Structures are given as C-alpha cells and as structure tokens.
Amino acid sequence: MKLNPNHRAVLIGAALTLALAACGKKDEAPKTAEPAATPSSTATTPPPGAPSTAAAPSAGSGKISDGAVKIGVLTDLSGLYSDLAGSGAVLATQMAIETFQEQAKPDFKIEMVSSDHQNKGDIAANKARQWFDTEAVDVITELVTTSTALAVMKVAKEKNKITLVSGAASTAITNEECTDTNVHWTYDTYSLANGTGKAVVKQGGDTWYFLTADYKFGQSLEADTTAVVKANGGKVLGSVRHPFPGTDFSSFLLQAQASGAKVIGLANAGTDTTNSIKQAAEFGITPKQTLAGLLMFISDVHALGLKATQGMYLTTGYYWDRDDDTRAWSKRFFDKHKRMPTMVQAGQYSAVMHYLNAVKAAGTDDTAAVMKTMKATPISDFFAKNGKVREDGRMVHDMYLVQVKKPDESKAAWDYYHIRQTIPGEQAFQPLAQSKCPLVKK
Amino acid sequence: MKRDYLIMLVLLAALIVAPMFIYPVFLMKLLCFALFACAFNLLLGYTGLLSFGHAAFFGGSAYITGHLVRNGFDINFTAPGFLKFISLSVDTAPLTPELGLLAGTAVAAALGFLVGGLAIRRAGIYFAMITLALAQMVYFLALQFPFTGGEDGLQGVPRGRLFGIFDLTQTYTMYFFVLAIFCIGFWIIYRAIHSPFGQVLKAIRENEPRAISLGYDVDKYKLVAFVLSAALSGLAGSTKTLVFQLASLTDVHWHMSGEVVLMTLLGGMGTVFGPIAGAAIVVGLQNYAAGLGEWVTVITGAIFVMCVLAFRRGVVGEIGALFKK
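What you see is a predicted model, and the numbers here were worked out from it, not measured in a lab.

The rules behind these values
Residues numbered from 1 in each chain as written. Chains lettered and ligands numbered in written order. Predicted model: local features only at pLDDT ≥ 70, side-chain atom pairs only at ≥ 80, totals over all residues. Helix = DSSP H or I, 4+ residues; strand = E, 2+ residues; numbered from the N terminus. Contact = placed C-beta atoms within 7 Å. Pairing = 2+ DSSP bridges. Axes fitted to C-alpha atoms, helices over the stretch in contact; angles between N-to-C directions. Nonpolar A, V, L, I, M, F, W, Y, C, P; charged D, E, K, R; others polar. Core = buried A, V, L, I, M, F, W, Y, C linked by C-beta atoms within 7 Å. Buried ≥ 20, exposed ≤ 12 C-beta atoms within 10 Å, placed from the backbone. Domains from an automatic or database assignment. Parallel < 35°, antiparallel > 145°, perpendicular 65-115°, else oblique. Left-handed = near helix turned anticlockwise from the far one by under 90°.

### Examining the overall build of chain A
Of the regular secondary structure elements, chain A holds 15 helices and 14 strands. Contacts in chain A between residues far apart in sequence, at least 24 positions, make up 70% of those at least 6 positions apart.

Structural data, given as structure tokens:
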C-alpha cells in the first residue's frame, strides 16, 4: 500500500473530528498526537506505547522499534529517471521483502512505503523528515539524483537513521558529504569513468576526445576519465564543452569527428547522452569512431535501440545475462515489470536484502548496530559476488565493462551486451586512501 | 477591509494551531511558497506585470543565504579569461540565521533592481521574455559557480540560533519563526496594496496611458513594485533554505517561475488571499500526491484543468465574486 499520504489526510480529519466530539475520552488522544503511526489500512504497526507483539520471541530481539522494520523507497516515479529507477526500484524492494520473509522467516514485521521525490531536493528532504518523524520509517532507500540523495542523507544523519543509496551517482556521497549512516550501493561516477577509461584503453582505444556537459558533473567526469586514460598510456586529443542541457550537438560532434580520435567519451548524462548518441549515428560517426558512455544504463540502450548504440563501451554494475543467478533473478523481475532490471533496480534489491539480513543478524533495527553488521558482513548474492561495505559507506563490488551488440548479434529482446571484462571491485572504485571522507582514518 | 482583517485573524489562529494536526515541516514549506506567491501577486495581480523570472530572486537568495549561513563570506574569486584582474578574497565566520536572511533579501532586492530596471522598459510578452532571459542567466551562474555545488546543490545548511537565543533546530521554534516571517511579509504586501502607492499600481494596471497623463512617473512605480516583489520573493527563498537546510537548482530553474505563476492564477490573481490558497493547492498536491507514484503528474494536471474550468477567477477570486453578488 503506497497510498497512505492521502489516507493520512483523511485520517487526520477523522481523528480531529473524533477528538473534538469526544473530548473527555482519553483514549482518543494518542491518535491526534501521532496520526501517522497507525497508517491507513496497512495498520500493522501497533500504536506507540502499546506492547510490541511481533518482536517478542527468540534471539534476544524485542529491540525492533515500533515492532516493525519500515522501509521507505524515495525515488523518481514520474520524471527523467523513472525508467532506470522508479517503479522498478519499488518492485525490487517488494521482491526483496517477500523473498526475505519466505527464506529467513524473520520474527519481525516488514513494511514498505514509497513516494515520488520528483527529483527535487526540498520535496525529498520534506518527505524524509516526515517519514522519520511521524511514520517510524527506519531506512530510506534508492534516492536517484545526487541532490536528493545528499539532502536525505543529511536528514537521516540528524535523525540517526539509515540511508541506502542506489541510484545517485556522485562520488561526493562517499567523500566530502559522507555520513556514517549511509551506504552507497550500486555505482558511482568514479567507477564508471575509471572502469570504462582503463578498459577501453586496454582494448586498443588509446586516443580520446571528450564531449562534456558544461557543469560540475560533466567536468569532473571528464577530469576523472582523462586521468585514467593518461595513466594507462592513452592520449587525450582534446575536448569540447556543450551547454547543459543541450539539444543540438552537431557542431560539437563534428569537432569530435575531425579530431580523429578512436574513442569519443561522452561526459554527460540523461537526455544529453541519448541525444548525442542519436546524432553521432546520424552523422555517421559511430561505426568509425567508438563512443564511450560514461554514465549509461540498459534502459538508455533499450530506448535508443541497438542500431544507434552498437559498438559502444560502457561500464555497468549489473547485467541480467551474466550468469545463471542473474538470469534467474532478472526473469522473476521481468515477469512482473515487463522490463529487464537496470543496475539501479538490481542493486536496490541487493541493498534492501543486505539490510534486512543485517537487522536479523543484529537482532535489532538500532542504527549503529545494523550499520556495524552491514559493514562487517561480506555481500554475496546475484548482484555482487564479493562485495563489502567500506567505512566511507562505499559498497565495493565487481563492475563489468560491456560493449553494446550489433543488431544482428542480438538474439532476443534485451540481449544487448557483450561482457568484455570484469573489473575487480578494488580496481573499479576509488581507493580508500584517496577518499576525502572524514570517517576514514588515515 | 473589515472582512480582510477578520479572515487574517482566522487564518493566523488556524496557522498557530495547525502544526498540532499537520506535519510542521510541510506547513513551513507551504508558508514559504505562500509568501513567494503573494510577493509575485503584487506584481502580476496589482501592477499587471507578468514576470517569468521570479525563480531568480527566490533561488538566488536561497543560495546566498545558504552559503553565508554555512560558510560565511569566504569569497576567493578570480574571474575567468580576460577578466582575470577582477579578484576578491574575503573570509568571515558563518552568519547567524537572521543576518543570512537579511543578506539574501538584500541580494534579491539588488537583483530585482537590475532586472526590473531593464525589464520595465517593455510591456507584455516582451517584459516576460526579458525577465525569463535574465533569470536563465542567474540559473547559469548557479550551475557554474563552485559554491552552489552545481547539480548536487548546496547541502547541509545549519539552522543555527536566532538572535543567539532561539534554537531553530527545534521544529516548533522554526515553525513560529517562519510564521512570523510570513506574517511580516504578508503585512508589507497588504499595506502596499492598500496604500496610495498601491492605488497608483492598480491605476497603472488598468490603464497605463491614463496614469501617465495624470502625471505619475509610471516607470518609477513599476520599478519600486518590482524591487519589493523581488525582495519578498528572496525572503521566501532564504527562509526555505533554512527550513530544508539546502538550496538546489530546482529553486532557480524556470519551472519554479512557472510554478509561482500557477499558484497565483489558481488561487486568484489580484486577490489578497488567493496566492495563499494557490500555494496550498500546488504544494499540497506535490506533497500528498507523491505517494501515488507515476500518476502524480496526471492527477495534478487533471486538478489544474478542473480549477481552470471551474474557477476562472481563481479559487479565492471566485469565492470573492460570490460574496459580492
């Protein structure tokens, strides 16, 4: 049930009327004071103060706050990123909860709420505060777009609650802005830039030209990749900056074409990337020169089609057709969602699962204890074979360099990638020694 | 007039008890946007100038306040390219919230003076386009300046202590602080509308050549109204930064300029309370419809269509018309 904000409004009205009608009745009072703690029809949470029934038995528990673990999924359900995160991420969370309940048979209840942050930091922060303050939410997950992720991380830190970031990309999340109550799960710009840069040079793409979105994100992506390309013996022939957001990339693409570089690095994101890929295909740039997407998802490839994207290199944290485990999970996901999962959605499942396992292992949903268990337990599931959570909150796992298939190589729908190389976690992500996170002891 | 005071008293009483029933942070957001819409209404509803760049004042001062309250003046600036000779280096302690708000408001007023001074030379669609163009320049600056954090936004702004006494990290203290700011801003607008100055503005709105023929320096009146509107929009933006402890590109994006037009039109432009109702509708939908997932845009759109069809004069305008009959 994700309707409860609306139900809440009704509930507040109803509770108010009740309280006014029956002023003398003392048992009505808690309802007005804490309306959202007994949300709508789900109503599985006992009112605060009532003895918790669910968390009573076994293994020294009874430490689950409000008798239930409540997971908030805050994501973009209606905007630009709803394809790569959105309702698929909500579904992944539901799947994780169901699977966990079947397999682990926990002695606590698990609930989920979800909401659309519309990619606005203030809406995200407001919702997060509301969830923590009035709805006893224990953990907020997904958080695509960095500005919303950072905003919610700050609120969570203040309230001493956990955030699990899957969709946001910036390395700031585990560097300058890191918190000890956050885990950054799926990927970040460093791992994508680093993975693609290093691997493409090794595959023979040793001359680069960058098409860069002219703002902080694009510039840092370009700088990171340039460093990697140079360190691996490649050469950067130049770069051109396009305004953000852009629609017409023709003049920039022609400069890239004229440079004669083997690889054109796309240091941009979202519609800028998809538009530049489309136009590169129209100008006949792509079969001769290779594009390297520095922030691309399978949903982008799906939207653009193989004809426009063929031959492109990109780094991803997850591809559905990698091994039997990924195929099995992705098929479950596909049956419900009718689309194959992006790395953000698969990572979301993995993150929620790891969190729930940690709650079970720790026997409590206390933030410090769960964070400790999450960091102490290695991750081994379909998503990450040998993952671990570092002290800066970075979840380190293997990344994959993939090349987009040619249309005639693709045998079925969503059969899009050749996996060219597995990049081990410690090489894929920013080394801990370089981290600017104050939590890292040097 | 008497009715206005009565409504104001009822509204104030409602707002004082409201946080017991409605989530206070949501109410604070509502108050900030209501002030923003009221300030905008001063220009659109009472002077007849449709600015499409008010996000620049709202977001610009949000960034200024956020930065000053978080880091103080730590300008270490050298202009790029041939402007290299312009450089500045200052470093002070972080500002207290009240000074941060004042600084944000002052910057918005100054920005309003610049934008207004250029834009009021034209009318109608050209006025709207000039304000939009200048606001896009502010957006561009917000995107490029290092202190704004670009896409990531300016995060982790401390709320601090008001006058060194009141701890604004307490939700209720913050709420009443925001309520006080809203009341002050609203009172300024109300007084401006009902003063001789406001009468002249209305005269300009109704018939500009006639106002000129009566001997009023129309441009000056327009400019003052513009600066006042910009300053109060800035005050709203600064307050919002303190409430949410962040400023982001959303605040300076032209969508925000559009949203405030929408709030004013929905509530009823040229009515005293209309923008408050409009802000409540828009912000309420954003917040409470968010749980509906991908349907949020469809539902919001449908409600707007219904409002436009059913309430031609805006919600409050329509109610006002009922009473007049």
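And the narrative resumes.
### Observations regarding the sheet that holds strand E7 (residues 235-242) of chain A
The strands making up a sheet are joined through hydrogen bonds of the backbone, oriented either antiparallel or parallel. All names here are of chain A. Within the open sheet, the seven strands sit side by side as E7-E6-E8-E9-E10-E13-E14. Their pairing is mixed. Each edge of the sheet is formed by a strand with only one pairing partner; in this case those strands are E7 and strand E14 (417-423). In this sheet, adjacent strand axes meet at a mean angle of 25° when their direction is disregarded. For strand E6 (residues 207-213) and strand E8 (residues 263-267), the ladder comprises five bridges, and the chain directions are parallel. By the bridge assignment, phenylalanine 210 is partnered in E8 with glycine 265.

### Topic: the interface of chain A and chain B
The interface is formed by 39 residues belonging to chain A together with 29 residues belonging to chain B. Of the residues forming the side of chain A that touches chain B, the biggest block, nine residues, is contributed by helix H4 (residues 121-134) of chain A. In terms of residue class, the side of chain A that touches chain B is built from 14 nonpolar, 16 polar and nine charged.

### Brief notes about the sheet that holds strand E2 (residues 109-116) of chain A
Residue and element names in this part refer to chain A. Spatial strand order, E2-E1-E3-E4-E5: five strands in an open sheet with parallel pairing. Pairing within the sheet leaves two strands with one partner each, and these edge strands are E2 and strand E5 (182-184). Taken over all neighbouring pairs, the strand axes of this sheet differ in orientation by 15° on average, direction set aside. Strand direction decides the pairing type here: strand E4 (residues 162-165) and E5, joined by three bridges, are parallel.

### Quick notes on unusual backbone geometry
Residues and elements named next belong to chain A. Located in the positive-phi region is lysine 105, a residue other than glycine, with phi close to 45°. Backbone geometry places asparagine 160, a non-glycine residue, at a positive phi of 55°. Summarising the element assignment, asparagine 160 is placed in the loop between helix H5 (146-159) and E4.

### Regarding the nonpolar core
Core analysis: the largest hydrophobic core is formed by 228 residues, its most contacted members being Ala128(A), Val152(A), Ala34(B), Leu35(B), Phe36(B), Val178(B) and Ala279(B). With 18 residues, the top contributor of residues to this core is helix H2 (residues 24-44) of chain B. Three or more residues apiece are contributed to this core by two domains, here domain 2 (69-187 + 321-397) and domain 3 (190-316 + 400-422) of chain A. In this view, Leu35(B) contacts Phe182(B), Gly185(B), Phe186(B), Leu232(B), Leu235(B) and Ala236(B); residues no more than four positions away in its chain are not counted.

### A short note on the packing of helix H13 (residues 343-362) of chain A against helix H14 (residues 367-376) of chain A
Residues and elements named next belong to chain A. In the contact formed by H13 and H14, the axes pass within 9 Å of each other and the chain directions differ by 115°. Regarding the angle of H13 to H14, the classification is roughly perpendicular. Once H13 is placed against H14, the crossing between them reads as right-handed. Contact residues: H13 offers His354, Tyr355, Ala358, Val359, Ala361 and Ala362, while H14 offers Ala369, Val370, Thr373 and Met374.

### A short note on the environment of Ala37(B)
Residue and element names in this part refer to chain B. With respect to the secondary-structure elements, alanine 37 resides in helix H2. Considered as a pair, alanine 37 and glutamate 259 are 222 residues apart in the sequence and their alpha carbons are 9.1 Å apart. Alanine 37 has contacts with Val260, Met263, Thr264, Gly267, Pro275, Gly278 and Ala279, leaving out every residue within four places of it along the chain.

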